[in-house]
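A structural walkthrough
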Amino acid sequence: MKVLVATQKPFAPAAVEGIKEIVEKAGHTFALLEKYAETAELLSAVSDADALIVRSDKVTAEVLDAARQLKIVVRAGAGYDNVDLEAATGHHIVVMNTPGQNSNAVAELAIAMMIYEARNCFTSGTGCEIMGKTLGLLAYGHIGRLVGLKAKALGMNVLAFARHKDKETLAADGVEKVDTVEELFKRSNFVSLHCPATAETKGAIGYDYLVSMPKGGCLINTARKEIIDEAGLAKALEDRVDLKYATDIAPDNLEELKAYGTRIWASSKKMGAQTAEANMNAGLAAARQITDWFATGNDQFQVNK
Ligand code: 3PG
C-alpha cells in the first residue's frame, strides 16, 4: 500500500523519518508531499495513494474524487473539520484523527499567549499578572484540561463550560464547572477556546459575550477562527478599549483589527501543534493507526463510523 504524507506545513524532519520507518517496516511504500503551493500538486500526489496523512490540509470532495485508490485518511491532530467527512464516507474512505497527541503543545501555547497579552505583548507598558485571575475554559477535552491544570499551577482560578463532563470530574482537577457560556465570560478575566468548529460553534463567540467580560478581559483562541463572529469581535474591541484578543489562527479581518495595537495578536501561521514533540506524537500515531488498520482493521479512532 502507498502511504502519502501531504503537509503544507511540514512535520519536523525527525517525525517524517519516524513515519517513514513505521510505514516501511509494515511493508508499505512511503511518499511525501510537503509545502505544496497548489491544490493541483495534492490532486496529482493522491491519485495512486492508498492512505493519506495530513495536518490542516484541506481534504475536499475534489481531493477525494482524485484519490481513486484511497482507503484511509488520518488527520494527524485533533480537529478534522478540514476533511469532507460526507464525501469520504460516500467513497467508503475511513477518516481518523489522533486525539490528544498534540494537546500539550497547544496548551503550552495558550498559556504563553495569555501571559503575552497580560504583559502587553512584551512592550514597556504596565501589564498584569495572571496569578489570582480567573481563566474560563470553553470546553474541557484533552487541550482544555491541560490548559486548566497548567493555569492552576500558575495560581489561577479555573472555570470550565464542559457539556460532557460532570461537576465532580472537574472538581477533582480543582476546576469549577459553570452551567452556561454566559456565566463563563462574565466571570473570567481570560477565556480560552478549546471547542471544535462545528455547525453549533461556528460564529458563536461575538460581541455580547466579549463585552460581558470583566475589565481588561482577554480572549485566547488556539481552536479555530470560524468560532469567532469577527464583526462582533471588531465591534467589541471598538466599544470596550480594555478588551484583548490573541489568536493562533489569523482572523479574516486582521488588517482592520491591527488598529487595536497590542490588544490584538495573531500568529502568522497556526503554531499550536508546531513542536518537535507534537509532530512526533501525532505523526507517528497517524502512521501506526494506518498500518494497524491495514493489518487488523482497528478502527478505534475512526470519526466517520
Ligand atoms: C489540531 O487540530 O490538531 C491543531 O489545530 C493542529 O493543527 P496543525 O497540525 O495544522 O498544526
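For the rest of this paragraph, the subject is the sheet that holds strand β4 (residues 72-75). Read from one edge of the open sheet, five strands run β2-β1-β3-β4-β5, paired in parallel fashion. Either end of the sheet is taken by a strand with one partner, and the two such strands are β2 (29-34) and β5 (94-97). Between one strand and the next, the sheet's axes are offset by a mean angle of 15°, whatever the strand orientation. Where strand β1 (residues 2-7) lies against β2, six bridges are found, and the strand directions are parallel. Among the inter-strand pairings, Val5 is bridged to a residue of β2, identified as Leu32. Of the strands in this sheet, β1, β2 and β3 (51-54) are in contact with helix α1 (residues 13-25), which crosses β2 at around 155°.

What follows deals with the packing of aromatic side chains. Counted by the stated rule, this structure contains four aromatic pairs. One aromatic cluster is present, formed by Tyr116, Phe122 and Trp265 through successive ring pairs.

Among the nonpolar cores identified, the biggest contains 29 residues, and Leu138, Phe185, Leu193, Ile205 and Leu219 are the most heavily contacted of them. Elements with a minimum of two residues in this core: β7 (157-161), α8 (181-187), β9 (190-193), α9 (207-211), α10 (230-239) and α11 (254-257). Within the second largest apolar cluster, 25 residues are counted, among which are Leu109, Ile130, Leu137 and Ala246.

This part is about the site of the ligand. Around the ligand, the neighbouring residues are Lys9, Arg55, Ser56, Arg75, Gly77, Ala78, Gly79, Asn102, Arg224, Lys270 and Ala273. Within the contact set of the ligand, an oxygen atom lies 2.7 Å away from a side-chain nitrogen or oxygen of Lys9. Take Arg75: an N or O atom from its side chain is 3.0 Å from an oxygen atom of the ligand. Bound to the protein, the ligand loses 95% of the 320 Å² it would expose on its own. Split into classes, the residues belonging to the shell around the ligand amount to two nonpolar, four polar and five charged.

Checked against the element boundaries, Ser188 lands in the loop between α8 and β9. For Ser188, the side chain forms a polar contact with the main-chain nitrogen of Gly136, separated by 3.3 Å. Setting aside residues no more than four positions away along its own chain, Ser188 makes contact with Thr134, Leu135, Gly136, Leu159, Met213 and Pro214.

This paragraph deals with helix α12 (residues 276-296). Here α12 spans 29 Å end to end across 21 residues, near enough to the 30 Å set by a 1.5 Å rise per residue. The secondary structure elements touched by the buried residues of α12 are β1, α1, β3, β4, β5 and α5 (103-118). Immediately downstream of α12, the backbone of Gly297 shows phi near 80°, a positive value.

Before going further, it helps to examine the pattern of salt bridges. With the rule as written, the count across this model stands at 14 salt bridges. For the salt bridge of Glu21 with Lys25, the shortest nitrogen-to-oxygen distance reads 3.9 Å. Here Glu21 pairs with Lys25, and both are found in helix α1, just four residues apart, close to one helical turn. For Lys25, a relative accessible area of 71% gives the class exposed. Glu255 is the salt-bridge partner of Lys258, the closest N and O atoms lying 2.9 Å from each other. Classification of Glu255 as exposed rests on a relative accessible area of 60%. Via salt bridges that share partners, Glu176, Glu183 and Arg187 belong to a single interconnected network.

Quick notes on the rules
- Starting afresh in each chain, residues are numbered from 1 along the sequence in its written order.
- Reporting in this predicted model follows two pLDDT cut-offs: at least 70 for local features of residues, and 80 or more for side-chain atom pairs to be given and counted; totals over whole chains, interfaces and linings ignore these cut-offs and use all residues.
- Calculated side-chain values reflect all of the structure's heavy atoms, with hydrogen atoms and water omitted.
- A strand pair is defined by DSSP finding two or more bridges across the two strands.
- Each helix is a run of H or I in the DSSP string that is no shorter than four residues. Each strand is a run of E no shorter than two, and both are numbered from the N terminus.
- Lines are fitted to the C-alpha atoms to define the axes, a helix being fitted only along its stretch in contact, and any angle between axes, read from their N-to-C directions, falls within 0 to 180 degrees.
- When checking whether two residues touch, look at their non-hydrogen atoms; a contact exists if any pair is within 4.5 Å.
- The aromatic pairing rule takes the rings of Phe, Tyr and Trp, using the six-membered ring of Trp, and pairs them if the centres are within 6.5 Å, calling planes under 30 degrees apart stacked, those over 60 edge-to-face and the rest tilted.
- Joining through side-chain atoms within 4.5 Å is the link that ties buried Ala, Val, Leu, Ile, Met, Phe, Trp, Tyr and Cys residues into a set, and such a set is a nonpolar core.
- Partly exposed residues are those whose accessible area sits between 20% and 50% of the maximum for their type, while under 20% is buried and over 50% is exposed, using a 1.4 Å probe and protein chains only.
- By convention in these notes, a residue is near a molecule or strand provided one of its non-hydrogen atoms lies within 4 Å of it.
- What qualifies as a polar contact is a pair of N or O atoms within 3.5 Å, subject to a donor-acceptor requirement within protein and to the restriction that residues adjacent in sequence count only when both atoms come from side chains.
- A 1.4 Å probe and the Shrake-Rupley method give the accessible areas. Residues count as covered only by the protein chains that appear here.
- The classification used treats Ala, Val, Leu, Ile, Met, Phe, Trp, Tyr, Cys and Pro as nonpolar, Asp, Glu, Lys and Arg as charged, and all other residues, Gly among them, as polar.
- Helix span, as expected, comes to 1.5 Å for every residue beyond the first.
- Here a salt bridge means any side-chain nitrogen of Lys or Arg lying within 4 Å of a carboxyl oxygen belonging to Asp or Glu.

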